[in-house]
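# Inside the fold
Each chain, letter by letter, is given below.
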Amino acid sequence: MLTPDAMMAFFAAALLLSIAPGPDNIFVLTQSALFGVGAGIITTLGLVTGLCVHTTAVALGVAAIFQTSALAFTLLKVAGAGYLLWLAWLSFRAGASTTDVADGAASGTGSNFPGYMTLYRRGIVMNVTNPKVSLFFLAFLPQFCDPARGSVALQVLSLGVLFMLATIVVFWTVAALGGRLAVWFNRSKRGQVMMQRVAGCVFVGLASALLLSGR
């Protein structure tokens, strides 16, 4: 069982790490700027679901595969980069919405809106296909565990839940900011197209950074 002091220290650290600019919060900002605050919230839930996978992998020792196997690490990051490039392609080919998304962006409508389930799946895939998350959890979570206080696996799972809560707090704030941008950009057809192109460039940048990352 984790001590209250350890839990508070970990939660504070998790908040700071979630605030630091990274691919996940940039992804949330991009989706909410395109489709409104609701899209950012749903995307966050997808990312958090992905964190469940990474946390479980660390608790069961599976995440160590990405630390010891260059092939496994490379295959997963190539898959993740490929998915981001596919999202970039969708953004580059998207035009202006056929509806008035000055209102529609805030409510998750418009001809370019992919649907909430699609956004949720995007969040999951975006997170799960980034092996750096598993390696980060593998290095970070055990630092707050104490074998003398019971099962390390259960402590890791508890820390994973705390990290998810911190992620939700920060990323939903990012989604609210992105939602304001969505209303502003979607006042005109030109603004809609420009935001799609910006999103495409962001996805290409994230894919490049993932491909160039090492263990």
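Residues numbered from 1 in each chain as written. Predicted model: local features only at pLDDT ≥ 70, side-chain atom pairs only at ≥ 80, totals over all residues. Heavy atoms only, no water.

Tallying secondary structure elements over the protein gives ten helices and zero strands in all. Traced from its N-terminal end to its C-terminal end, the protein shows the element sequence α-α-α-α-α-α-α-α-α-α. The 215 residues of the protein split such that 46% are buried. The long-range share in the protein, meaning contacts at least 24 apart out of those at least 6 apart in sequence, stands at 83%. With an accessible surface of roughly 10,100 Å², the protein has 72% of that area assigned to carbon and sulfur atoms. (Helix = DSSP H or I, 4+ residues; strand = E, 2+ residues; numbered from the N terminus. Buried < 20%, exposed > 50% of the residue type's maximum accessible area, 1.4 Å probe, protein only. Contact = heavy atoms within 4.5 Å. Areas by Shrake-Rupley, 256 points an atom, 1.4 Å probe, with all protein chains shown as cover.)

Here we come to the side chain of arginine 122. As for its placement among the helices and strands, arginine 122 is situated in helix α7 (residues 116–128). Of the buried charged residues, arginine 122 lacks a salt bridge, with aspartate 24 as the closest side chain of opposite charge at 13 Å. Side chain to side chain, arginine 122 and glutamine 31 meet in a polar contact 3.3 Å long. When neighbours within four sequence positions are excluded, arginine 122 is seen to be in contact with Phe27, Gln31, Phe35, Tyr83, Leu87, Leu90 and Pro114. (Lys, Arg positive; Asp, Glu negative; His and termini not counted. Salt bridge = Lys/Arg side-chain N within 4 Å of Asp/Glu carboxyl O. Polar contact = N/O pair within 3.5 Å; in protein donor to acceptor, adjacent residues only side chain to side chain.)

Of all ten residues in helix α8 (residues 131–140), seven are buried; the element is thus mostly enclosed. Inspection of α8 places Pro131, Val133, Ser134, Leu135, Phe137, Leu138 and Phe140 among the buried residues, and these make up the whole buried set. Between the side-chain oxygen of the N-cap and the backbone nitrogen of lysine 132 there are 3.0 Å, and the N-cap of α8 in question is asparagine 130.

Turning to the packing of helix α3 (residues 37–60) against helix α9 (residues 152–185), a few remarks are in order. Packed helix pairs are specified by the crossing angle of their axes together with the interaxial distance, meaning the distance between the axes. Running from amino to carboxyl end, α3 crosses α9 at an angle of 160°, the nearest separation of the two axes being 9 Å. By the criterion of interaxial angle, the relationship of α3 to α9 is roughly antiparallel. For the element pair α3 and α9, the recorded crossing hand is right-handed. When its residues are assigned to classes, the contact of α3 with α9 shows 19 nonpolar, seven polar and no charged. (Axes fitted to C-alpha atoms, helices over the stretch in contact; angles between N-to-C directions. Parallel < 35°, antiparallel > 145°, perpendicular 65-115°, else oblique. Left-handed = near helix turned anticlockwise from the far one by under 90°. Nonpolar A, V, L, I, M, F, W, Y, C, P; charged D, E, K, R; others polar.)

Turning our attention to the UniProt feature "transmembrane region" (unreviewed entry) in the protein. Here, the residues flagged by UniProt with the feature "transmembrane region" (unreviewed entry) are residues 37–63, 70–89, 152–174 and 194–212. End C-alpha atoms of residues 152–174 are separated by 32 Å, and the span's content is 100% helix alongside 0% strand. From the first C-alpha to the last, residues 194–212 spans 27 Å; its make-up is 100% helix and 0% strand. (UniProt positions renumbered as here; feature names shortened; annotations may be inferred.)

In this section: the packing of helix α2 (residues 23–35) against α9. Two elements in contact, α2 and α9, have axes separated by 7 Å at closest approach and are oriented at 35°. Here the hand of the crossing between α2 and α9 comes out right-handed. Between α2 and α9, the contacting residues are Asp24, Asn25, Val28, Leu29, Ser32 and Ala33 on the first element and Phe171, Val174, Ala175, Leu177, Gly178, Gly179, Leu181 and Ala182 on the second.

Attention shifts here to a nonpolar patch on the surface. A contiguous nonpolar surface patch, about 280 Å² in accessible area, is contributed by Leu60, Val62 and Ile65. Assignment of secondary structure puts isoleucine 65 in helix α4 (residues 64–68). Under the relative-accessibility criterion, isoleucine 65 is labelled partly exposed at 41%. (Patch = residues over 30% accessible without salt bridge, like charges linked within 9 Å, V, L, I, M, F, W, Y side chains within 5 Å.)

With that settled, consider the confidence of the model for the protein. In this model, the protein carries a mean pLDDT of 83, and residues with pLDDT of at least 70 account for 89%. Here residues 98–106 is a poorly scored stretch, pLDDT under 50, and it has 22 contacts once near neighbours within four places are set aside; other chains count. (pLDDT = per-residue confidence, 0-100.)

Of all hydrophobic cores here, the largest spans 26 residues; its most connected members are Val28, Phe35, Leu84, Met126 and Phe203. Elements that contribute at least two residues to this core include exactly α2, α3, α5 (70–93), α7, α9 and α10 (189–212). Apart from the residues within four sequence positions on either side, valine 28 is in contact with Gly40, Thr43, Thr44, Leu47, Phe171, Val174 and Ala175. Counting 22 residues, the second-largest nonpolar core is a separate cluster that includes Val58, Leu141, Leu162 and Met164. (Core = buried A, V, L, I, M, F, W, Y, C linked by side-chain atoms within 4.5 Å.)

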